[in-house]
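So the chains spell out like this:
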Amino acid sequence: MDLFPPLPRESWAPTKETLHRFLQIVGKVRLAASVRRNHWWNVPFHLTGDGITTRPCGPLGDGTVFTVDFDFIAHRLRVSTLDGRRVSLPLTGLSVGDFHRAFTGALAHLGISVVPEHPYPFDLPDAARPFAEDDEHATYDPAAVNRYWTVLTQVMLILERYAAGYSGKTSPVHHFWHTFDIAVTRFSDRHVAQGLSTDPVTREAYSREVISSGFWFGDERSYPEPAFYSYTAPEPGGLQQQPLEPAAARWTETNRSHLALLPYDDVRTQPGASAEILRFYDSAYAAGARLAGWDTDRLCPGGVTDPQA
């Protein structure tokens with residue numbers, strides 16, 4: 001099995017655009033039906049043995065608890081309630097509009113009444129078009145989705161190892177449905193003052209200093225191909241001049257800030273690719289933490305805070 005299979009964005013762009021909207025449709029239901037957590041940790045998806053999950057949502061007003069799971073092996077969506085009822089529908093052969101109708105129909109069949117506040121794509125070119133009216137995006141290649149799932153799983157395992165090296169406040173490793181990336185974030189204790197003009201999502205997400213590390217599958221605006229990334233926010237001066245490892249890693253400017261990038265294709269076929277990716281994350285963290293004056297005692301090689309435990 002190829003643990004880091006080739007996945008150039010253009011090779012599955014139509015499928016990616018369709019799947020991204022499927023995830024947003026379900027993700028917005030998760031947002032509406034979950035208890036709010038700090039930094040919006042309640043919102044993203046988590047990985048499972050065959051796909052991704054919302055985790056249990058609710059309880060709703062009538063006590064209903066439900067979970068939505070994407071199965072990327074059988075290529076089906078499952079909506080399950082805590083009392084054992086279940087509806088399943090295929091992921092193949094559907095436009096975004098079809099999927100939206102089938103999913104909302106499944107919720108209604110199970111008596112689940114959740115109405116997302118904004119049933120439109122988030123931060124995508126067709127953001128003004130309701131999901132229900134999108135018959136343009138209708139491509140779902142199971143082989144491409146399986147490669148996406150394979151990559152997602154391997155990156156998740158690497159990020160779990162990276163997360164274990166820090167004893168301070170750390171987010172879960174989670175898959176963001178709005179931006180279609182997977183990430184883990186380390187936090188310092190210092191509060192970040194933000195103006196009233198900052199939107200509430202950003203204000204909560206970046207209320208503390210963060211160094212976030214992850215992987216995305218490429219897009220037309222930020223970086224066109226799959227890549228591992230890391231950023232520090234607020235960004236300390238001189239960050240883009242700090243050294244990165246391995247040699248293929250580099251800094252790139254986007255939205256008036258700097259990202260550490262390691263292109264997927266530059267590392268995926270290398271011997272010990274996982275170790276090289278961890279070296280990248282560690283070097284990007286060291287650069288940001290050093291310049292921002294973070295407490296280096298929070299690092300805990302091996303993933304434990306008490307070596308005798």
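Right, let's walk through the structure included here. Please read these numbers as outputs of a predicted model, since none were measured by experiment.

Now for the packing of helix H1 (residues 9-32) against helix H2 (residues 96-109). Between H1 and H2, the least distance of the axes is 10 Å, while the angle of their chain directions is 30 degrees. The angle between H1 and H2 places the two elements in the roughly parallel class. As H1 runs across H2, the sense of the crossing is right-handed. For the pair H1 and H2, the contacting residues are Thr18, Arg21, Phe22, Ile25, Val26 and Val29 in the first and Val96, Phe99, His100, Phe103 and Leu107 in the second.

Let's shift gears to the environment of Ala143. Inspection of the secondary structure puts Ala143 in helix H3 (residues 142-163). The class for Ala143 is partly exposed, based on a relative accessible area of 41%. Spatially, the C-alpha atoms of Ala143 and Leu262 are 25 Å apart, while their sequence positions differ by 119 residues.

Below, the discussion takes up the nonpolar core. One finds Phe70, Phe99 and Tyr148 to be the most contacted residues of the largest nonpolar core, which totals 77 residues. At 12 residues, the largest contribution of residues to this core is made by H3. Look past the residues within four positions of Tyr148 in its chain and what remains in contact with it is Leu7, Trp12, Leu19, Leu23, Ile52, Phe72, His175, Phe180 and Phe217. Listed in part, the eight residues of the second largest apolar core include Phe176, Trp216, Ala227 and Tyr229.

Time to look at the packing of H1 against H3. Here H1 crosses H3 at 70 degrees, and the two axes come no closer than 10 Å. With respect to each other, H1 and H3 are oriented roughly perpendicular. Once H1 is placed against H3, the crossing between them reads as right-handed. Each of Trp12, Thr15, Leu19 and Leu23 in H1 lies in contact with H3, whose residues at this interface are Ala144, Val145 and Tyr148. Residues belonging to the contact of H1 with H3 are distributed by class as follows: six nonpolar, one polar and no charged.

What follows is about the pairing of strand S8 (residues 208-216). The buried fraction of S8 amounts to eight of the nine residues, a majority that puts the element mostly inside the structure. Alignment of S8 against strand S9 (residues 227-233), held across seven bridges, turns out to be antiparallel. Following the sheet pairing, Ser213 is matched in S9 by Ser230.

A separate point is the packing of aromatic side chains. In this structure the tally under the stated criterion is 26 aromatic pairs. Between the aromatic rings of Tyr162 and Tyr281, the centroid separation amounts to 5.4 Å while the plane-to-plane angle is 45 degrees, which identifies the pairing as tilted. Pair noted here: Tyr162 is in helix H3 and Tyr281 is in helix H6 (residues 273-292), with a separation of 119 residues, a long-range link. Positioned above the aromatic ring of Phe187, the side-chain terminus of Lys169 is 4.9 Å from the ring centre. Lying over the aromatic face of Tyr162, Arg186 brings its terminal NZ or CZ to 3.8 Å of the ring centre.

Remark: the principal bend of H1, roughly 45 degrees, maps to Thr15. For H1, the tally of buried residues reaches 18 of 24 residues, placing the bulk of the element in the interior.

By secondary structure assignment, the location of Asp69 is in strand S3 (residues 66-71). With no salt bridge to any partner, buried Asp69 finds its closest opposite charge in Arg78, at an N-O distance of 4.3 Å. Among the polar contacts made by the side chain of Asp69, one reaches the side chain of Thr53 at a distance of 2.8 Å.

What follows covers the sheet that holds strand S11 (residues 257-263). Reading across the sheet, the six strands line up as S6-S7-S8-S9-S11-S10 and stay open at both edges, with antiparallel pairing between neighbours. Two strands in the sheet have a free side with no partner beyond their single neighbour: strand S6 (174-176) and strand S10 (250-254). Neighbour to neighbour, the strand axes of the sheet diverge by 35 degrees on average, direction disregarded. Contacts from H3 reach S6, strand S7 (181-191), S8 and S9 within the one sheet, and its direction differs from that of S7 by about 25 degrees.

With antiparallel pairing, the five strands of this open sheet are ordered in space as S1-S2-S3-S4-S5. Since the sheet does not close on itself, it has two edges, and those belong to strand S1 (46-47) and strand S5 (86-90), each with one partner. One ladder, built from three bridges, connects strand S2 (residues 51-53) with S3; its direction is antiparallel. Counted as the bridge partner of Thr53 is Asp69 from S3. Those strands touched by H1 are S2, S3 and strand S4 (76-81), and its axis lies near 165 degrees from that of S3.

What counts, and where the lines are drawn
Just so you know, the residues in each chain are numbered from 1, in the order the chain's sequence is written. Since the coordinates come from a predicted model, pLDDT governs what is reported: local features require at least 70, and pairs of side-chain atoms require 80 or more to be given and counted, while whole-chain, interface and lining totals use all residues. Excluded from the side-chain calculation are hydrogens and water; included are all heavy atoms of the structure. Note on geometry: axes are C-alpha line fits, over the in-contact stretch for helices, and angles between N-to-C directions span 0 to 180 degrees. Secondary structure elements are taken from DSSP: a helix is a run of H or I of four residues or more, a strand is a run of E of two residues or more, and numbering for both begins at the N terminus. The scheme is simple: roughly parallel for angles under 35 degrees, roughly antiparallel for over 145, roughly perpendicular for 65 to 115, oblique for anything else. Helix crossings get a hand from a simple test, with the near helix turned counterclockwise from the far one by less than a right angle marking a left-handed crossing and a clockwise turn marking a right-handed one. By definition, residues are in contact when any of their heavy atoms lie within 4.5 Å. When a residue's accessible area, from a 1.4 Å probe over protein chains only, is under 20% of the maximum for its type it is buried; when over 50% it is exposed; and in between it is partly exposed. For this analysis, a nonpolar core means a set of buried residues of the types Ala, Val, Leu, Ile, Met, Phe, Trp, Tyr and Cys, connected via side-chain atoms within 4.5 Å. Gly counts as polar in this scheme, as do all residues outside two lists: the nonpolar Ala, Val, Leu, Ile, Met, Phe, Trp, Tyr, Cys and Pro, and the charged Asp, Glu, Lys and Arg. Strand pairing is assigned whenever DSSP identifies at least 2 bridges connecting the two strands. Here a Phe, Tyr or Trp ring, Trp counted by its six-membered ring, pairs with any other such ring whose centre lies within 6.5 Å, and the pair is stacked when the planes are under 30 degrees apart, edge-to-face when over 60, and tilted otherwise. Consider the ring centre and the ring normal. A charge sits over the ring if Lys NZ or Arg CZ is within 6 Å of that centre and within 35 degrees of that normal. We define the bend at each residue as the angle formed by axes fitted to the 7 residues ending at it and the 7 residues starting at it. Under the counting rule used here, the positive set is Lys and Arg, the negative set is Asp and Glu, and His together with the chain ends is not counted. In what follows, salt bridge is the name for a side-chain nitrogen of Lys or Arg lying within 4 Å of a carboxyl oxygen of Asp or Glu. As used in this structure description, the phrase polar contact means that two N or O atoms lie within 3.5 Å; if the pair is within protein, one of them must be able to donate a hydrogen and the other to accept it, and residues adjacent in sequence are counted only when both atoms belong to side chains.

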